[in-house]
Amino acid sequence: MMDYQNFFTSALDRLQAERRYRVFADIERLAGRYPQALWHSPEGPRPITVWCSNDYLGMGQNRDVTRAMVETAWRLGTGAGGTRNISGNSHPLVELEAELADLHGKEAALVFTSGYVSNQTGIATLARLIPNCLILSDALNHNSMIEGVRQSGCEKAVFRHNDLDHLEELLQAAGERPKLIVFESVYSMDGDISPIHAICDLAGRYGAMTYIDEVHAVGMYGPRGAGIAERERAMHRIDVIEGTMAKAFGVMGGYLTGTKAVMDAIRSFAPGFIFSTALPPSVAAAAMASIRHLKSSSTERQQQQRQAARTKAVLSSAGLPVLATPTHIVPVMVGDAQACKAASDRLLEKHGIYIQPINYPTVPRGTERLRITPGPFHSNAHIDALAAALVEVWTALRLPLEPKVQAAE
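Fair warning: this is a prediction, and the values are worked out from it, not measured in the lab.

**Q** Please set out the sheet that holds strand β3 (residues 44-50) residue by residue, giving values where relevant.
**A** The strand order across the open sheet formed by four strands is β1-β2-β3-β12, and the pairing between neighbours is mixed. Each edge of the open sheet is held by one strand with a lone partner, namely β1 (27-29) and β12 (353-354). Note that strand β2 (residues 36-41) and β3 share six bridges and pair antiparallel. Within β3, the position partnered with Q36 by the bridge is T49.

Written out as structure tokens, the structure is:
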């Protein structure tokens, strides 16, 4: 008799031996009290402070957003009723796509159930529809993009991260064949930014189409929160802009924006769109309320940027190994999977601070880290408490500290 269960337990044993087994904390978010939450620990509920959420601006608790979700659910019900092919477009979804197209200055938009799905199915479908397409992909692209490239079945060439010379070499070698460059604006683990205009220059020179992932930038940058491409005045130079409503906009769902022809082609040919249940009307309405709010309000972005800068300064002045970034992402480097998990556990259990460990395969082995995301509702007192807790953890676990630097005022 074949022991099928042994296949799975053996796989999990290997994962645990490599210190890569993931444990998810049981957390209850508290609307109106973010970043405070409840951790349902083995000993019972405990108050904690969350420092690693991708709800970057706390819009998940914004009253206009929650009201839009609740009121729409009361009026239109909870579910979408199926795929759009079966149930049609709910009106809030039509309005949301118009709002997203306007946000990015594009003719049309297409909403998916998640940012992962929009990347995976969007890249695969685009590339398959382009005869003899070569996909040029940044080496640090997100797994959803990598899967989209793989599922396209097209030839690929991976260029070194943000390396324009290497990208140009690959474009030159490709000759006159069709080409699609896929890259991100903000890389979520190292917190660095791609040279958007320079990539667009190369795309124009060598006749390539461009596709940018802005999931960690939408809502966060630009005068209306459209992302790094808006801030750099480059949106018009990019063929397809992908984003999410699940991070700074505080809801859920992914999307693509571009010309009407490109969006209609994806709508008509993408299995991940055709055969997936649509977002519920209440979710679409909440996302639209969040996007509209952040188009006109810079308050949340400005406060978030102030607190991110203060967090970097305070942690660096405490001698903690903070990776310098030009964005809102604050990686504190550990460099060992077991130590990273131990640091995360001690922060939660002793200090009531939740920061999930980031280990392989999310980051390369030897670069394990705690990824901190300060928000506009993290107070100065929160930041000071975080620094003190991290120093205690680093000392207790005998992790290396760096020479202290002067904190910014």
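**Q** Can you explain the packing of aromatic side chains? Please cite residues and give values.
**A** Evaluated as defined, the whole model comprises two aromatic pairs. Taken together, a centroid distance of 6.0 Å and an interplanar angle of 80° make the contact between Y4 and F7 edge-to-face. With Y4 and F7 both in helix α1 (residues 4-17) and three residues apart, the pair spans about one turn of that helix. Classification of Y4 by relative accessible area gives exposed; the value is 53%. With a centroid separation of 5.6 Å and an interplanar angle of 70°, the aromatic rings of F112 and F273 are classed as edge-to-face. In this pair, F112 sits in strand β4 (residues 108-112) while F273 sits in helix α11 (residues 271-274), placing the two residues 161 residues apart along the sequence. This pair shows no difference in class: F112 is buried, exactly as F273 is.

**Q** Describe the packing of helix α2 (residues 63-76) against helix α12 (residues 281-296), and please don't skip the residues or the numbers.
**A** Contact geometry of α2 with α12 gives a least axis separation of 8 Å together with a crossing angle of 150°. The angle between the axes of α2 and α12 places the two elements in the roughly antiparallel class. Judged by the sense of rotation from one axis to the other, the crossing of α2 with α12 is right-handed. Contacts from D64, V65, A68, M69, T72, A73 and L76 of α2 reach α12 at P281, S282, V283, A285, A286, A289, S290 and H293. Broken down by class, the residue content of the contact of α2 with α12 amounts to 10 nonpolar, four polar and one charged.

**Q** I'd like to hear about the pairing of strand β10 (residues 254-258), residue by residue, with values.
**A** With five of its five residues buried, β10 lies for the most part within the structure. Of the two faces of β10, the one lined by G254, L256 and G258 and the one lined by Y255 and T257 are each fully buried. Where β4 lies against β10, five bridges are found, and the strand directions are antiparallel. Counterpart to A108 in the pairing with β10 is G258.

**Q** Lay out the pattern of salt bridges in plain terms, naming residues and giving numbers.
**A** Taken as a whole and assessed by the stated rule, the structure comprises 20 salt bridges. A salt bridge links R224 to D102; the nearest nitrogen and oxygen atoms lie 3.0 Å apart. With R224 in the loop between β8 (208-213) and α9 (228-231) and D102 in helix α4 (residues 91-104), the pair connects residues that are 122 residues apart, well separated along the chain. With a relative accessible area of 42%, D102 lands in the partly exposed category. Each of the salt bridges in this network shares a partner with another, and the network as a whole consists of E99, D102, R224, R292 and K295.

**Q** Residues and numbers for the sheet that holds β10, please.
**A** An order of β4-β10-β9-β8-β7-β5-β6 is seen for the seven strands of this open sheet, with the pairing classed as mixed. Of all strands in the sheet, those bounded by a partner on one side alone are β4 and β6 (155-159). Pairwise comparison of adjacent strand axes, ignoring direction, gives a mean angle of 20° for this sheet. In terms of strand pairing, strand β5 (residues 134-138) meets β6 through five bridges, oriented parallel. Residue pairing for β6: I135 is matched across the bridge by K156.

Rules of the game
- Residues numbered from 1 in each chain as written.
- Predicted model: local features only at pLDDT ≥ 70, side-chain atom pairs only at ≥ 80, totals over all residues.
- Heavy atoms only, no water.
- Pairing = 2+ DSSP bridges.
- Helix = DSSP H or I, 4+ residues; strand = E, 2+ residues; numbered from the N terminus.
- Phe/Tyr/Trp six-rings, centres within 6.5 Å; stacked < 30°, edge-to-face > 60°.
- Buried < 20%, exposed > 50% of the residue type's maximum accessible area, 1.4 Å probe, protein only.
- Axes fitted to C-alpha atoms, helices over the stretch in contact; angles between N-to-C directions.
- Parallel < 35°, antiparallel > 145°, perpendicular 65-115°, else oblique.
- Left-handed = near helix turned anticlockwise from the far one by under 90°.
- Contact = heavy atoms within 4.5 Å.
- Nonpolar A, V, L, I, M, F, W, Y, C, P; charged D, E, K, R; others polar.
- Salt bridge = Lys/Arg side-chain N within 4 Å of Asp/Glu carboxyl O.

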